[in-house]
Amino acid sequence: LKIAGVPFGRTWEQAFIKKILGYSLGIGLVAYGFFQWIPWMIETRLNVQKLNQTLSATNQDMNRLLMSLDERVESERLNISRELHDEVAQQLTFLNLQVQLCQKHIKESKEKALETLKAIGQELSSALRSVRQISHDLRPEPLYALGFIPALDQFMDKLCQQHPGIQIKLEAPEDSETTEGFRIENRLNDRELLHLFRILQEGVRNAIKHAKSGIITIHLSEEKSQFLFQIDDDGKGLPWQDMPSDDILVQQGHLGIVGMKERIKELNGDFRLCTRHPKGTRLEIVIPK
């Protein structure tokens, strides 16, 4: 910049003005950057707070899920231990006594020894069936060998034998066993299919144990964009008007409901549990296609 052919800033007045302009520009840039930095810091702090809240909620969900899983594992262990003790252990004890008796009969009478051996063989067959039943309960082979609906049929038949006073009905599309009918297997993999099967098992058992139901109906239907599963009973209904939070359910000991909700989350499905009128409960599960 020149004034009258002379570069600007040679005189002390011009140099002073030049410094003032430089300082003003620098201060302006600093102020601009500062006021740009403040909103960024505020936004960053808010984002950090949101992340902390999300992390806290996630930790609570994880703790709740771990509690539910631990409870379910312990429950399954107790069931297996009870079945082993009540059935297999007693059968093995009886077999031990029969073997001792057979050793005695061999010395006294071959006919008695043969009868004892026959009884031992029958008891061995019964013990083998018990072990197979325990293995079947741990991993339901019919679910993968026969399909979803036949496995449900077998499960319901077993429950009806255990609870003669209860009626359990399955309502499904008539052509459900054909390739054109209700084929949830085409939507879910083996692990997800087992989750769904366990959810329905838990729902039916809850209706028997807690609702004191006499008639339980499992309804399966398929729509254009979703699969619908409903379990209706005629029991005493739910103890609440509105579904409590998971924390309250855990505190009240309703870990089965929390476990069902966690399984349904893994299937990207929706869960609804409500009281029916005039009486009873409905469990509704929606699985998108």
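Presented here is a report on the structure given in the accompanying data block. (Residues numbered from 1 in each chain as written. Predicted model: local features only at pLDDT ≥ 70, side-chain atom pairs only at ≥ 80, totals over all residues. Heavy atoms only, no water.)

Considerations on the overall build of the chain
Part 1 of the argument: Regarding its fold elements, the chain presents seven helices and seven strands.
Part 2 of the argument: Along the chain direction, N to C, the helices and strands of the chain fall in the order β-β-α-α-α-α-β-α-β-β-α-α-β-β.
Part 3 of the argument: Taking all 289 residues of the chain together, 31% fall into the buried category.
Part 4 of the argument: Total accessible area on the chain is roughly 19400 Å²; 56% of this is exposed by carbon and sulfur atoms. (Helix = DSSP H or I, 4+ residues; strand = E, 2+ residues; numbered from the N terminus. Buried < 20%, exposed > 50% of the residue type's maximum accessible area, 1.4 Å probe, protein only. Areas by Shrake-Rupley, 256 points an atom, 1.4 Å probe, with all protein chains shown as cover.)

Points about the sheet that holds strand β7 (residues 281–288)
Part 1 of the argument: Across the sheet, five strands lie side by side as β3-β4-β5-β7-β6; this open sheet has mixed pairing. Each edge of the open sheet carries a strand with a single partner, namely β3 (167–171) and β6 (270–275). When the angles between neighbouring strand axes are averaged without regard to direction, this sheet yields 10°.
Part 2 of the argument: Running at roughly 15° to strand β5 (residues 226–233), helix α5 (residues 190–209) makes contact with β3, β4 (215–222), β5 and β7 of the sheet. (Pairing = 2+ DSSP bridges. Axes fitted to C-alpha atoms, helices over the stretch in contact; angles between N-to-C directions. Contact = heavy atoms within 4.5 Å.)

Here we look at α5
Part 1 of the argument: Between its first and last C-alpha, α5 extends 28 Å over 20 residues, near the 28 Å set by a 1.5 Å rise per residue.
Part 2 of the argument: Taken across its 20 residues, α5 has 14 buried, putting it largely inside the fold.
Part 3 of the argument: By the N-cap criterion, in which a side-chain oxygen at the helix start approaches the backbone nitrogen of a residue two or three places on, α5 is capped by Asn-189, the distance to Arg-191 being 3.2 Å. (Expected span 1.5 Å × (residues − 1). Polar contact = N/O pair within 3.5 Å; in protein donor to acceptor, adjacent residues only side chain to side chain.)

Some remarks on the packing of aromatic side chains
Part 1 of the argument: Taken as a whole, this structure holds three aromatic pairs when the rule is applied.
Part 2 of the argument: With centroids separated by 6.3 Å and ring planes inclined at 80°, the aromatic side chains of Phe-148 and Phe-197 adopt a geometry described as edge-to-face. Here the residue Phe-148 occupies a position in helix α4 (residues 148–162), and Phe-197 occupies one in helix α5, the gap between them amounting to 49 residues.
Part 3 of the argument: Residue Phe-197 is classed as buried on the basis of its relative accessible area of 2%.
Part 4 of the argument: On the basis of an interplanar angle of 65° and a centroid distance of 6.2 Å, the ring pair of Phe-155 and Phe-197 is categorised as edge-to-face. Separated by 42 residues along the polypeptide, Phe-155 in helix α4 and Phe-197 in helix α5 bring together distant segments of the chain. Taken individually, Phe-155 and Phe-197 each receive the classification buried, so the pair is uniform in this respect.
Part 5 of the argument: An aromatic cluster is built from Phe-148, Phe-155, Phe-197 and Phe-229, whose rings are joined through pairwise contacts.
Part 6 of the argument: For Lys-289, the ring lying beneath its charged end belongs to Phe-227, and the centroid distance is 5.3 Å. (Phe/Tyr/Trp six-rings, centres within 6.5 Å; stacked < 30°, edge-to-face > 60°. Lys NZ or Arg CZ within 6 Å of the ring centre and 35° of its normal.)

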